[in-house]
Amino acid sequence: MLLRKHITYFFLGLLLFTCLKTVDAAILPPDQAQDSIQKLLRFASKKSYDDLNTAIIALNTAIKIGKEGNLPKSLFHIYRMQGYILEQNSLFPEATAAYRNALTFQTAVNDSSKIDIFIDWAIINKKLGNYKISKEYYTYALKIAEKQNDTQMMSYAYNGLATLHSALSDFEKAIEYYHQAIITFGNTGKKGDLVAPYRNIAIVYLKANNTNLALSNAELAYNLAMEVKDSVNIASCLKTLGIIYAASGRIELALKKNLEALKINENYGTKHDLLENLIQTGDIYMQLNQLDKADAYYKRCFEYKDLLDYITHSNFYYKLGSLYFKQGKKNEAREAFERSLVLSTEGGFKDLIQKNNLSLAQIFEQKGDFKNAYRCLETARAYADSLFNEEKGRNITQAQFMFDVERSEQKYKDLQLKQSRFLLITAVLFFSFITISLIYFLYQRGKNYEVLKLNNAKIALQNHRLEESNEILRQFAYASAHDLKEPLRSISSFTHIIKKRYISLLPPEASDYMNFVTTGVKRMESLLSALLEYSTLIAESNVVSQPISLQSALEDVINNLHTIVAEKKALIHYPATICAIRMSRLHLTQLFQNLIGNALKFTNKPPEISISFQENKEEFLIMLKDNGIGMNPDYGDKVFRLFQRLNKSSLYEGTGIGLTICKNIVEKYSGKIWFESKEEVGTTFFISFPLNLIQFSTPHTEGEVISKKEMVIKYEI
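Residues numbered from 1 in each chain as written. Predicted model: local features only at pLDDT ≥ 70, side-chain atom pairs only at ≥ 80, totals over all residues. Heavy atoms only, no water.

**What about the overall build of the chain?**
What the chain contains, in helices and strands, is 25 helices and nine strands. Taking all 717 residues of the chain together, 40% fall into the buried category. The contacts in the chain between residues at least 6 apart in sequence include a share of 64% that link residues at least 24 apart. Of the roughly 40300 Å² of accessible surface on the chain, 55% is carried by carbon and sulfur atoms. (Helix = DSSP H or I, 4+ residues; strand = E, 2+ residues; numbered from the N terminus. Buried < 20%, exposed > 50% of the residue type's maximum accessible area, 1.4 Å probe, protein only. Contact = heavy atoms within 4.5 Å. Areas by Shrake-Rupley, 256 points an atom, 1.4 Å probe, with all protein chains shown as cover.)

Quick look at the structure:
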């Protein structure tokens, strides 16, 4: 063992000497610097449990290389690991400084790394009792994870908020956050991800002294782990069941579950899991007063003592001392307590320092060494006072945090209540106005009905006035949509100027808010443009003198859509010789352009569009078939409603007005439009027009599909 330790120090010294020598001689090239840093980080991680000083030396060397090479991203990860190692060894002030250093380089890393450091920072502040700061950073991490739709990190943030509230004994809120984590994981469809949240809920219920709910949630977690056959999670659930049974006094059952977990960990678990299991098994045998078996399991822990962090190491020797004291081995007990005292003093674990001094005082008193017994008792008393003051301060901080949380929630509820009252009053007034208006309208209609019946001239005059009114309304809608675009452009321009000139003076979230404004403005401009187009097309007359060739209209549409057709390498099939139709060229072109444009847009593969025509007894049928993403057939007429966007994915842009325009154009000419579709297969739109609109250039047979000679349009980049 001693030889292996010397060899380790030799290689560490050689590694550090080589790195420092190279750094002193010249700045390493980026690739070599990165490689050296990675080696040092791996070494530090390996040594973090059994030789903290060596791990810190390796990290400081990595920091020097990162600074010399001006590698901010590497420095972020070095400082983050330094903070994590110090935190795991309960050196919280030093860990805080390391995390602060990491945060200064957060702009050099991606959002995923930022989430990690925010959660680390939240954890360290929770341990230090800075609950408000801890909650803020968990919330930051959650916002970024939601923005990225990263369910894994969202669940980590929810779990962190849950543990924070659990530490504050706000068990109801803790369980609520754990359920949020379950909902988030549930969306991924992985049952194995649900095991840990349910197990954590069980622990919270146990803290709240509700053993029945604790047990039911632990069993649910165990059943899920068994279902997915996850050995590590099965062992963890068995240990949790053991803890719950032990807390409820069913020690034998607790031992049984713990031994089952131990058997699994011996075959499949990590060394850390096995070590934790061995200690827990020894603890249960201590509760059963089976000291020899407890001794055997504690001694097995020495095989893995290099994996013990400072606090677990110190606590383990205290347990060992308690075992030896019960066995009557006073000298061994004293050595174990003193060893635990040294480790707890180095780590600053005041509760263990107090307990070790009390145990040593008892041993010294039994040996008649009253001087040392008194000294240990005085030390224990001093630490008891210090712990009491810290606990009192912690309780005050917790109470203040809970008060702030409750006050914030109450303000939010009051605001919601005010808004609800305002909306209710507004709704009542609005519907009262509508009702009165309706009654008045019905009254006027009834009053005028007899007069209108007797005077046809007045009816014609009223119709004429109604047409004028509709035209005025259409012009008003057009002018409103047109004039609204100018202030929108002003909003967009000034938002851009503010972002460019003053973003450094604003809080970090201001940039996101400005992006929301810019995106909203662009969306509004698109909607207004679509509304203008809609108003123009609806106003266009359906009275035409000359029929329009369908082939000519299709060629115009394909020329208009040339760019997207070429980009997507689309294939468009349609007959080379087609009949003509008595329609406005603008209407016919817009009809085909919207349908073909949708077929090109809503697809995740090279588009293939087939257009065919067929004459029936009473109608002329146009069929446009694509191989796009398709639609749910249950949508029915909903797809033709104004501003209805059924696919709101950011992958597919649109205003939801195109199919509305198509429906209005078709109905202008007494036609009908409908569709048949299958998701992920494609959609076929059917358009029927009265036969009196169609003019054929060649003889044809009724019911014949007009596609004798096909023209295939194909563009390639």
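**Here's the deal with the pattern of salt bridges**
A complete count under the given rule lists 12 salt bridges for this structure. Two residues, Asp-295 and Lys-299, come together in a salt bridge whose shortest N-O distance is 3.5 Å. One end of the pair is Asp-295 and the other is Lys-299, both in helix α15 (residues 291-300) and four residues apart, which spans about a single turn. Given the relative accessible area of 8%, Asp-295 is considered buried. The class of Lys-299 is partly exposed, set by a relative accessible area of 44%. Its salt-bridge partner being Glu-378, residue Arg-381 comes within 3.3 Å of it at the nearest N-O pair. One end of the pair is Arg-381 and the other is Glu-378, both in helix α19 (residues 370-454) and three residues apart, which spans about a single turn. What makes Arg-381 partly exposed here is its relative accessible area of 45%. On the basis of relative accessible area, Glu-378 is assigned to the partly exposed category, the value being 30%. Here the residues in one salt-bridge network are Asp-295, Lys-299 and Lys-329, joined through shared partners. (Salt bridge = Lys/Arg side-chain N within 4 Å of Asp/Glu carboxyl O.)

**Digging into a nonpolar patch on the surface**
A surface patch of nonpolar side chains, amounting to about 450 Å² of accessible area, comprises Phe-430, Phe-431, Phe-433 and Ile-434. Mapped onto the fold, Ile-434 is located in helix α19. You can call Ile-434 partly exposed: its relative accessible area is 37%. (Patch = residues over 30% accessible without salt bridge, like charges linked within 9 Å, V, L, I, M, F, W, Y side chains within 5 Å.)

**Notes on helix α10 (residues 195-207)**
Look at α10: 19 Å from first C-alpha to last across 13 residues, which is about the 18 Å you get at 1.5 Å a residue. By the burial criterion, the buried members of α10 are Val-195, Pro-197, Tyr-198, Arg-199, Ile-201, Ala-202, Val-204, Tyr-205 and Leu-206. Count one or two residues on from α10 and you reach Asn-209, which has phi positive near 65°. (Expected span 1.5 Å × (residues − 1).)

**Digging into the packing of aromatic side chains**
This model, assessed by the stated rule, comprises 14 aromatic pairs. Counting every residue linked through ring pairs, the aromatic cluster contains Tyr-298, Phe-302, Phe-316 and Tyr-317. (Phe/Tyr/Trp six-rings, centres within 6.5 Å; stacked < 30°, edge-to-face > 60°.)

**Section: the packing of helix α6 (residues 111-127) against helix α7 (residues 131-148)**
Their axes nearest at 8 Å, the elements α6 and α7 cross at an angle of 160°. By the angle class used here, α6 and α7 are roughly antiparallel. Between α6 and α7 lies a crossing of left-handed hand. The segment α6 lies against α7, with Asp-111, Ser-112, Lys-114, Ile-115, Phe-118, Ile-119, Trp-121, Ala-122, Ile-123, Asn-125 and Lys-126 engaging Tyr-131, Ile-133, Ser-134, Tyr-137, Tyr-138, Tyr-140, Ala-141, Ile-144, Ala-145 and Gln-148. A class-by-class count of the residues in the contact of α6 with α7 yields 14 nonpolar, four polar and three charged. (Axes fitted to C-alpha atoms, helices over the stretch in contact; angles between N-to-C directions. Parallel < 35°, antiparallel > 145°, perpendicular 65-115°, else oblique. Left-handed = near helix turned anticlockwise from the far one by under 90°. Nonpolar A, V, L, I, M, F, W, Y, C, P; charged D, E, K, R; others polar.)

**Observations concerning the sheet that holds strand β1 (residues 548-549)**
Read across the sheet, three strands follow the order β1-β3-β8 without closing on themselves; strand pairing throughout is antiparallel. Only two strands of the sheet have a single partner each, and these edge strands are β1 and β8 (694-695). (Pairing = 2+ DSSP bridges.)

**Let's talk about unusual backbone geometry**
Positioned with a positive phi, Asn-289 is a non-glycine residue whose angle comes to about 65°. Take Asn-289: it is sitting in the loop between α14 (271-287) and α15. In this structure, Ser-670 takes a positive phi of about 60° despite not being glycine. Among the secondary structure elements, Ser-670 is positioned in the loop between α25 (658-668) and β6 (672-678).

**A short note on the nonpolar core**
In terms of nonpolar packing, the biggest core is built from 120 residues, with Ile-78 and Leu-320 touching the most fellow members. Setting aside its immediate chain neighbours within four residues, Ile-78 contacts Ile-37, Leu-41, Leu-59, Ala-62 and Ile-63. Formed by 45 residues, the second largest nonpolar core is a distinct cluster that contains Ala-570, Cys-579, Leu-624 and Phe-689. (Core = buried A, V, L, I, M, F, W, Y, C linked by side-chain atoms within 4.5 Å.)

**Focus: the confidence of the model for the chain**
Averaged over the chain, the pLDDT score is 78; the fraction of residues at 70 or greater is 76%. Low pLDDT, under 50, characterises residues 1-7; the stretch is placed with two contacts to residues that sit more than four places away or in other chains. Segment residues 20-26: pLDDT under 50, and seven contacts once partners within four positions in sequence are set aside and those in other chains are kept. (pLDDT = per-residue confidence, 0-100.)

**Points about the side chain of Ser-113**
With respect to the helices and strands, Ser-113 occurs in helix α6. The class of Ser-113 is buried, set by a relative accessible area of 13%. In contact with Ser-113, other than residues within four places in its own chain, are Phe-76 and His-77.

**Focus: the pairing of strand β7 (residues 682-690)**
Counting buried residues in β7 gives eight out of nine residues, a clear majority hidden from the surface. The pairing of strand β5 (residues 619-625) with β7 spans seven bridges and is antiparallel. Note that in β7 the partner of Glu-619 across the bridge is Pro-690. The turn linking β6 back onto β7 is made up of three residues, and Glu-680 within it adopts a positive phi angle of 70°.

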